[in-house]
Amino acid sequence: MCGITGWVSWTKSLSEQSPVLENMTNAITHRGPDSIGTWLSESAALGHRRLIVIDPEGGKQPMVYYEGPYAITLSYNGEIYNFKELREDLIHNGHHFKSSSDTEVLLHAYLEWGEACIERLNGIFAFAVWDERIEQLMLGRDHLGVKPLYFANRDNDIIFGSELKAMFAHPQVDPVIDKDGLSEIFGLGPIRTPGQGVFKDIEEVRAGHYVTFRKEERKAEQYWTLKSHPHPDDLDTTVSTIRSYLEDTVTEQLVADRPVVSMLSGGLDSSGLTAIAGKDFSKEGKKLGTYSIDFENNEKDFEKDFLRVDLDEPWAEKVSNHVGTEHKSIVLDADELAENLLVPMRARDLPGVGEIETSLYLLFKEMEKEATVALSGESADEVFSGYPWFHQEEFLEADIFPWLLNMRGMSSILSEQLKEKLDLLSYQKERYQEALNEVPVLEGESDLQAKQRRMSYMFITRFLPFMLDRKDRASMMTGFEVRVPFCDYRLVEYLWNVPIEMKNIDGIEKGVLRRAFEGYLPEDVRYRKKSAYPSTKDAKYLEKVSQWMLQILDDPTSPILPFIDVEKVRSISEGKSESIHASSAKGLLDYLIQVNAWLKEYDINVIL
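Residues numbered from 1 in each chain as written. Predicted model: local features only at pLDDT ≥ 70, side-chain atom pairs only at ≥ 80, totals over all residues. Heavy atoms only, no water.

> Explain the overall build of the protein chain to me, using residue names and the numbers behind them.
Per the secondary structure count, the protein chain includes 25 helices and 19 strands. Relative to the 2.2 N^0.38 estimate, which gives 25 Å for 608 residues, the radius of gyration of the protein chain is 24 Å and therefore close to what a compact globule would have. Reported as C-alpha extents along the three principal axes, the dimensions of the protein chain are approximately 70 × 60 × 50 Å. Contacts spanning at least 24 positions in sequence make up 72% of the contacts within the protein chain whose residues lie at least 6 apart. Carbon and sulfur atoms make up 47% of the accessible area of the protein chain, which totals about 23,500 Å². The averaged location of the 102 negative side-chain charges in the protein chain is 1 Å from the averaged location of its 68 positive side-chain charges. (Helix = DSSP H or I, 4+ residues; strand = E, 2+ residues; numbered from the N terminus. Rg over C-alpha atoms; globule rule 2.2 N^0.38 Å. Contact = heavy atoms within 4.5 Å. Areas by Shrake-Rupley, 256 points an atom, 1.4 Å probe, with all protein chains shown as cover. Lys, Arg positive; Asp, Glu negative; His and termini not counted. Charge placed at Lys NZ, Arg CZ, Asp CG, Glu CD.)

Okay, structure coming up:
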C-alpha cells in the first residue's frame, strides 16, 4: 500500500522539476515510509511512496516499460488480489516478468488491454499511467473507492495525488474554498459528494471510474456500476454463495510478505472474517493476531443507546478464545483522544468525525508495531442493508440523505450570514436528487422495496465512501494497510439484488450473513444484535473538548468565528444548551474544533 502523486504537462518541460516532484512525494511519506521513487520526462513527472507488502525487491515504483523509445510508466497504490491469475493470462499472451509483484502485472495488463485492463482487476487500487506512445495520462480507481485519488487542471497541466496535501505541495495548487466547498463542510459534513474534492477546482476520481487526459482533451469513463435484476437464487444457494465469496476473498487478502492481523470487535462482521482467517492460519500452523479497542472506565461509563446495545470487549474475548487468536485490547483514555483529535483531520486534509476517527488512528498506531496489514469488517452493514434506517418510515420517506436527519444540529449553530449565502437545505436536496437519479431501478418491485433499494444505493455510493476514506486515512497515516473483504466487488454485485427480506431472514438484520457464518462462530455471537463502532462515554473527554472550544470562541483571530453563531456554540460548550444532548454536543464540538484548525493550518482562502 502506497501513495502516488505527479503531474503532466503538454506545453512545458518537466524534466528539471525534480524539487517540486520530491516535495509532492514527501508530503505523503506516511503512506509509504519504506521508500521513495520519482520519474521525470519532458512531459510527465510521477512520484511514489512505498509501503512494502509484496515482493520487496521487485515492486519498486514508478515502474517503467519501454516500447522502442517510448516509456509507459506506472505509479500505483493498492493491492490486486487476482494478480496471479492475470499474470498467467499475460504469460500465455507472450509477456515476460522480472518480478513477482502485482505492480508489474498491472503494468503489463495495461500494455496488453489498454484502458480496458481496469475491468479485469479485483482489488483495492488507485493508479496513474503515463503513456508516451499516445501522450496520455490515465487515472484509475477501484470499484468501491477504497483507495483515494484526486486531480486538478491548472493551465492544462494535470496534477494528481493520493491525498490533497500532495497537490498542495505543487506551486499551482492553492487551498481555496467557495460556496460549494463550504456547503460540503457544513451541509453534508464528512460524508461528501462523490467526485467533489471540496476545494475549488479539485476533483476526485469517482469509485468505479477512470479518467484519461490528452492535450486539451479529457474523458471520464465508468467501468463498473450496480445493475438491478431479479435475484435468481433460493435461500440456501444464496447463503452458500455468500460463504464461498467470503472464504475466497479472505484467503486472497491474506497474501502478503509482511505480518497480517485482523480487527476484532466481537460484532458479527469482524468475528466472521476473523474465524475464516484464523482457520487459514491454523492450516499453516500459525496463530492469527487480533485487536480490539476499548476506553478507560468504559464498563463504568457505558450507556445503552440507539447505536450501541452492549460492550464489545466480552464478545471480542469470546471470539478470540473460540478461534484461537493472539488477542490484544487497546485501551484509550480521554487525554489521548483529545491530544490526537486533529491528527485524522491532517490525515484526510478535511474535517472528520472526531474521537471515533481519533480512536481508529490510535488503534492502527498500536497495530502497526507488530504488523503491516489487517483485515476489517468495514462495509458489511452497507452491502447487507444492516442499518435500522432501512426499516424506518421517517428515513425511507426523507428527501435528503437519511443520515442528515440526525445532523440537524449543525445548521442551527451557523451564523445567519452564512445560512443566507449557502442555503444548505437546497444544497442537501440537490445532492440527494443527483444520487436518486443514478439508482438502477427494478421493474415490478413494491413501493417499499423500491425505497429500500434507493436507501441501499445511498449507503453504498455515498455513506460507504466516507467510511472507507476514514479507514484509509487513519491507517495510512501510520504506514499501515487495512483490507476490506466485504468490499469485494463480486460480493457487492451479488448482494445488490438479494431481496432485503432474504438479507434479514430469521427476523434479524444481516440474517443471511449470520447463516453464512454457521459453523464458524458460536451461536450467541452469530445472533448478537448489531452494536456500532465504540465511542467513549467518559465525561472527561467532553469537558476537554468543551474547554478547547471555549478557547477558540475567546480568540478573536479564530477563523471559524464568522461562520458560526458564537453564543449558541458557547452555550453548548458550557453545557447550558437544552436542545442538544451531551453525546451530540461531543460530536458537534469535535467537528467545529477540526474546522477551525483546518481553516487555520491550511491557510484556506474562502471565496463566497
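Following the structure, the description resumes.
> Run through the sheet that holds strand β4 (residues 63–67), naming residues and quoting values.
Within the open sheet, the six strands sit side by side as β4-β5-β6-β7-β12-β13. Their pairing is antiparallel. Two strands close off the open sheet at either side, each with one partner strand: β4 and β13 (217–222). If you compare each strand with its neighbour and ignore which way they point, the axes differ by 15° on average. As judged from the five bridges shared by β4 and strand β5 (residues 70–80), these two strands associate in the antiparallel manner. Across the sheet, residue Val64 finds its bridge partner in β5, namely Thr73. (Pairing = 2+ DSSP bridges. Axes fitted to C-alpha atoms, helices over the stretch in contact; angles between N-to-C directions.)

> I'd like to hear about the pattern of salt bridges, residue by residue, with values.
In this structure the tally under the stated criterion is 55 salt bridges. Residue Glu79 is joined to Arg483 by a salt bridge in which the shortest nitrogen-to-oxygen separation is 3.6 Å. You can see Glu79 sitting in strand β5 and its partner Arg483 sitting in strand β18 (residues 481–483), a full 404 residues away along the chain. Residue Glu79 shares its accessibility class with Arg483, and that shared class is buried. Linking Glu378 and Arg470 is a salt bridge whose minimum nitrogen-to-oxygen distance equals 3.9 Å. Of this pair, Glu378 sits in the loop between β17 (373–375) and α13 (380–383) while Arg470 sits in helix α18 (residues 447–476), and the two are 92 residues apart along the sequence. Each member of the pair Glu378 and Arg470 is classed as buried. (Salt bridge = Lys/Arg side-chain N within 4 Å of Asp/Glu carboxyl O. Buried < 20%, exposed > 50% of the residue type's maximum accessible area, 1.4 Å probe, protein only.)

> If you had to explain the packing of aromatic side chains to someone new, which residues and values would you point to?
If you walk through the whole model with that rule in mind, you get 24 aromatic pairs. Geometrically, the ring pair formed by Phe463 and Phe466 is edge-to-face, given 5.8 Å between the ring centres and 70° between the ring planes. Of this pair, Phe463 and Phe466 both sit in helix α18, separated by three residues, roughly a single helical turn. You'll find Phe463 and Phe466 in the same group, each marked buried. Taken together, the ring pairs in this structure connect Tyr387, Trp389, Phe390, Phe395, Phe401, Trp403, Tyr432, Phe459, Phe463 and Phe466 into an aromatic cluster. A cation over an aromatic ring shows up here: Lys286 above the ring of Phe281, its NZ or CZ 5.0 Å from the ring centre. Its end group placed over the ring of Trp496, Arg453 keeps NZ or CZ at 5.1 Å from the ring centre. (Phe/Tyr/Trp six-rings, centres within 6.5 Å; stacked < 30°, edge-to-face > 60°. Lys NZ or Arg CZ within 6 Å of the ring centre and 35° of its normal.)

> An account of the pairing of strand β14 (residues 260–263) is needed here, citing residue identities and associated values.
Taking every second residue as pointing to the same face, both faces of β14 are buried, with Val260 and Ser262 on one and Val261 and Met263 on the other. Here three bridges tie β14 to β17, and the two strands are oriented parallel to one another. Within β17, the position partnered with Ser262 by the bridge is Leu375. Strand direction decides the pairing type here: β14 and strand β15 (residues 289–295), joined by three bridges, are parallel. Bridge pairing in β15 places Ser262 opposite Thr290.

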